[in-house]
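What the coordinates show
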Amino acid sequence: MKQDRHPIDFDTAGSGEMALLALVLGLEGPLLTTIMLKQGASLVMALGILVLPVAIIVPLVGVLWRGWSSHWPFEALQEDAQVQTMQSLAGFNRCVRLATDCYGVHATLNRPFRWLLGEPFSIPWSEIQWEPQGAFAKFTDTRKASVGGRPLTFPNWVHEAAQHHSS
């Protein structure tokens, strides 16, 4: 499997993340506000629409992510960690960076979500109980597990890394 980035850079923002964020904050906000004001909307409504995504995302990060990061604090990655970007985990599709090493699975959200209190976390291999594959597992590239009694679906390469590190 191709390494997406070096383990030292696991929790740093990539240039793509920062470029997209600059585009959204630098262009979309003022452009949308200007268009809405020219159409007769009040300033309060225009600013409210800009704040609405943050007002929706903050509770989602709290509900879907904070339980994992508060229970399993982040551990530093080993030098031989396998890192993959644009992964899906805990309801965040293509917004997660995952890594595996001899300790376990490490996860962090992309930078804008981390600014909204989405802290990284690390789950040791000993806490992950893999569930049997279902009938449709061959159609998905995921593997279900139970972590601390809660279900979590990992990409299949994480399960393969778990087997590699357990042997």
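Residues numbered from 1 in each chain as written. Predicted model: local features only at pLDDT ≥ 70, side-chain atom pairs only at ≥ 80, totals over all residues. Heavy atoms only, no water.

Right, let's talk about the overall build of the protein chain for a bit. For the protein chain, the count of helices and strands is 5 helices and 7 strands. Of the regular secondary structure in the protein chain, the N- to C-terminal order runs α-α-α-β-β-β-α-β-β-β-β-α. Scored against the burial criterion, the 167 residues of the protein chain give a buried share of 38%. The long-range fraction of contacts in the protein chain, counting pairs at least 24 apart against all pairs at least 6 apart in sequence, stands at 54%. When the accessible surface of the protein chain is summed, it comes to about 9800 Å², and 63% of that surface belongs to carbon and sulfur atoms. (Helix = DSSP H or I, 4+ residues; strand = E, 2+ residues; numbered from the N terminus. Buried < 20%, exposed > 50% of the residue type's maximum accessible area, 1.4 Å probe, protein only. Contact = heavy atoms within 4.5 Å. Areas by Shrake-Rupley, 256 points an atom, 1.4 Å probe, with all protein chains shown as cover.)

On to the sheet that holds strand β3 (residues 104–109). Spatial ordering of the open sheet is given by β1-β2-β3-β4, a layout of 4 strands whose pairing is antiparallel. Every interior strand has two partners, whereas the edge strands, β1 (82–89) and β4 (121–124), have only one. Adjacent strand axes in the sheet meet at a mean angle of 30 degrees when their direction is disregarded. As paired strands, β3 and β4 are joined by 4 bridges and run antiparallel to one another. (Pairing = 2+ DSSP bridges. Axes fitted to C-alpha atoms, helices over the stretch in contact; angles between N-to-C directions.)

Most peptide bonds adopt trans geometry, and most residues besides glycine take a negative phi value. Even without being glycine, alanine 90 reaches a positive phi, approximately 55 degrees. Mapped onto the elements, alanine 90 comes out in the loop between β1 and β2 (92–100). Phi is positive for arginine 94, which is not a glycine, with a value near 60 degrees. Take arginine 94: its relative accessible area is 53%, and that puts it in the exposed class.

Right, let's talk about the packing of aromatic side chains for a bit. Under the defined criterion, the tally for this structure stands at 5 aromatic pairs. With 5.8 Å between their ring centres and 20 degrees between their planes, tryptophan 68 and tryptophan 72 make a pair best called stacked. The buried category is assigned to tryptophan 68, whose relative accessible area is 3%. Classification of tryptophan 72 as buried rests on a relative accessible area of 7%. A centroid spacing of 6.4 Å and a plane angle of 25 degrees characterise the contact between tryptophan 68 and phenylalanine 121, whose relative ring orientation is stacked. Of the two residues, tryptophan 68 sits in helix α3 (residues 66–71) while phenylalanine 121 sits in strand β4, which places them 53 residues apart along the sequence. What links up through ring pairs into an aromatic cluster is the set Trp65, Trp68, Trp72, Phe92 and Phe121. (Phe/Tyr/Trp six-rings, centres within 6.5 Å; stacked < 30°, edge-to-face > 60°.)

It is worth spelling out helix α5 (residues 156–166) at this point. Regarding α5, the residues found buried are Asn156, Trp157, Val158, His159, Ala161 and Ala162. For α5, the elements touching its buried residues are β1, β2, β3, β5 (128–130), β6 (142–147) and β7 (150–155).

What follows is about the nonpolar core. Among the nonpolar cores identified, the biggest contains 26 residues, and Trp65, Leu89 and Phe154 are the most heavily contacted of them. At the level of elements, β2, β3, β4, β6, β7 and α5 are the ones that each hand at least two residues to this core. Those residues in contact with tryptophan 65 that sit more than four places away from it in its chain are Leu60, Leu89, Ala90, Phe92, Val96, Ala107, Thr108, Leu109, Gly118, Glu119 and Phe121. (Core = buried A, V, L, I, M, F, W, Y, C linked by side-chain atoms within 4.5 Å.)

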